[in-house]
Amino acid sequence: MKVAVFSAKRYDRELLAEANTEVGHELHFFDDLLEPSTVVLAAGCGAVCVFVNDVLDEEVLAALADGGTRLVALRCTGFNNVDLKAAAAHGVRVVRVTEYSPYSVAEHAVALILALRRKIHRAYNRTRDGNFELDGLLGSDLHGCTVGVIGTGKIGRVFARIMSGFGCELIGYDKFESPDFERMGGRYVPLRELAARSDIVSLHCPLTPETHYLVDAEALALAKPGAILINTSRGGLVDTEAVIASLKFGQLGALGIDVYEQESDLFFQDLSSSIIPDDVIQRLVSFPNVIVTGHQAFFTREAVGTICATTIASISDYASGLPLAHEVHAGG
Ligand code: NAD
């Protein structure tokens, strides 16, 4: 099958090609983001393979369908960048990678917490400059902390298990409660209680209209002074301006993010020689108690290998007319 692969980085090319060795789909790699101005590149391809910041709105899906594309294969879990109703209306099916090392993202969330709590990022810079002073690096134990997990799905539960190993108390909030979370000692509480009681809040729910700005000024006002917020899920879960205000005011003690609402203009690119016009991200990275990573939580050998293998397998299933195990449907 002819497949246009968008947002293709070197590692995508290598690992997708490797997963494709035996099946031999015709993969056409493009550095470009899929969007209205680049959709023409997919003309004549039965499938497109896309990533988190590719744009699959009504306009792009209509153009894809016109060009003969009938399958969108997301090489990620989240599908908030796809207008599923428009896809269905244009006869385009959508598959994603429902499962790949949840450890990759959960462990990254923990890495952000440890770095922020023990000021590792600051110590790294100091010692490289010959400064071995401890003043300003006072941390706090994780043992005994209350950790609020929002979204206790696959990643949230792995995260919770790790934090429980540190001796943290687990509280959770989810639309669909998991007995597994309760078995590891977690207790479900209403969202407001979670916001008020947690020393650390970590977001692991999807971005939907319902969860957009789940963390807003009102939720932040409830937060325990000095609380840490971690977002490895999706940027739109958090009102970043409200977070900046809370950090400035000293209510929020630290922030670790791997995702950012306007990340499509920034992430996965080397802008180190450019003037970055986004004042919000520039303000964020100027805080000593903020760590930003560029959507790298998934980026482990294990996770990327599984993502590529699952994506190629879904494309093969589609090409052979087999049921699509990882299909995403509008409305559920
Ligand atoms: P999952 O589907 O296993 O779990 C999501 C959980 O969120 C479920 O338990 C679900 O019930 C819950 N949820 C849904 N709506 C909710 C709501 N309104 N309020 C509270 N909880 C709600 O998904 P997962 O594999 O654990 O992934 C979680 C998220 O992590 C994904 O949606 C994606 O956005 C993000 N993610 C980020 C990266 C990264 O590299 N940064 C990689 C993979 C996934």
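Residues numbered from 1 in each chain as written. Predicted model: local features only at pLDDT ≥ 70, side-chain atom pairs only at ≥ 80, totals over all residues. Heavy atoms only, no water.

## Focus: the packing of helix H1 (residues 10–20) against helix H12 (residues 301–319)
This is how it is decided: Note on geometry: axes are lines fitted to C-alpha atoms, helical ones only across the stretch in contact, with angles between N-to-C directions running from 0 to 180 degrees. Secondary structure elements follow DSSP: runs of H or I of four or more residues count as helices, runs of E of two or more count as strands, with numbering from the N terminus. Each angle receives one of four descriptions, namely roughly parallel if under 35 degrees, roughly antiparallel if over 145, roughly perpendicular if within 65 to 115, and oblique otherwise. Crossing handedness is read from the near helix: turned anticlockwise from the far helix by less than a right angle, it gives a left-handed crossing, and turned clockwise, a right-handed one. The contact definition used throughout considers only heavy atoms, calling two residues in contact when any of these lie within 4.5 Å. Under the scheme applied here, ten amino acids are nonpolar (Ala, Val, Leu, Ile, Met, Phe, Trp, Tyr, Cys and Pro), four are charged (Asp, Glu, Lys and Arg), and all others, including Gly, are polar.
As a packed pair, H1 and H12 sit with axes 9 Å apart at the nearest point and diverge in direction by 50°. On the basis of their axis angle, the class for H1 and H12 is oblique. Between H1 and H12 lies a crossing of right-handed hand. For the pair formed by H1 and H12, the contact residues are Leu15, Leu16, Ala19 and Asn20 on the first element and Val304, Cys308, Ala309 and Ile312 on the second. Partitioning the contact of H1 with H12 into residue classes produces 7 nonpolar, 1 polar and no charged.

## Thoughts on the sheet that holds strand E10 (residues 227–231)
Heads up, the rule is: Pairing between two strands is assigned when DSSP locates at least 2 bridges connecting them.
Spatially, E8-E7-E6-E9-E10-E11-E12 is the arrangement adopted by the 7 strands of the open sheet, whose pairing is parallel. Here the strands that pair on one side only, and so sit at the sheet edges, are strand E8 (187–188) and strand E12 (290–292). Of the pairings in the sheet, the one linking strand E11 (residues 252–257) to E12 comprises 3 bridges and is parallel in character. Its bridge partner being in E12, Gly256 is matched across the sheet by Ile291. Helix H4 (residues 102–118) rests against strand E9 (200–203), E10, E11 and E12 of the sheet, and its axis sits at about 150° to E10.

## A look at the site of the ligand
Which entries qualify depends on this criterion: When we say a residue is near a molecule or strand, we mean one of its heavy atoms is within 4 Å of it. Here a polar contact is taken to be a pair of N or O atoms separated by no more than 3.5 Å, where protein atoms must pair a possible hydrogen donor with a possible acceptor and residues adjacent in sequence count only if both atoms sit in side chains. Per-residue and other accessible areas follow the Shrake-Rupley method at a 1.4 Å probe size, with only the shown protein chains counted as cover for residues.
Every one of the 24 residues lining the ligand counts as a neighbour, but Tyr100, Lys154, Ile155, Asp174 and Thr232 are closest to it. Gly153 is positioned with one of its backbone polar atoms (N or O) 3.3 Å from an oxygen atom of the ligand. Within the backbone of Thr232, one N or O atom sits 2.9 Å away from a nitrogen atom of the ligand. In the complex, 88% of the free accessible area of the ligand, which totals 860 Å², lies under the protein chains. A breakdown of the residues in the shell around the ligand according to their chemical character gives 9 nonpolar, 9 polar and 6 charged.

## Digging into the domain arrangement of the protein
Filter applied, for reference: What fixes the domain bounds is an automatic or database domain assignment. Two parts placed together each lose some accessible area; with a 1.4 Å probe, that loss summed over both constitutes the buried area. The salt bridge criterion pairs a side-chain nitrogen of Lys or Arg with a carboxyl oxygen of Asp or Glu, the two atoms within 4 Å.
According to the domain assignment, the protein consists of domain 1 (2–100 + 301–328) and domain 2 (102–292). A C-alpha centroid distance of 30 Å is found between domain 1 and domain 2. In this assembly, 11 residues from domain 1 lie in contact with 8 residues from domain 2. Here domain 1 packs against domain 2, burying approximately 900 Å² in sum over the two surfaces, 54% of which is carbon and sulfur. When the buried surface of domain 1 facing domain 2 is broken down by residue, Asn53, Asn80 and Tyr100 rank first, second and third, together holding 47% of it. Counting every contact that joins domain 1 to domain 2 gives 0 salt bridges. Counting the contacts that link domain 1 with domain 2 gives 3 residue pairs in polar contact (both at pLDDT 80 or more). Counted by class, the side of domain 1 that touches domain 2 contains 5 nonpolar, 4 polar and 2 charged residues.

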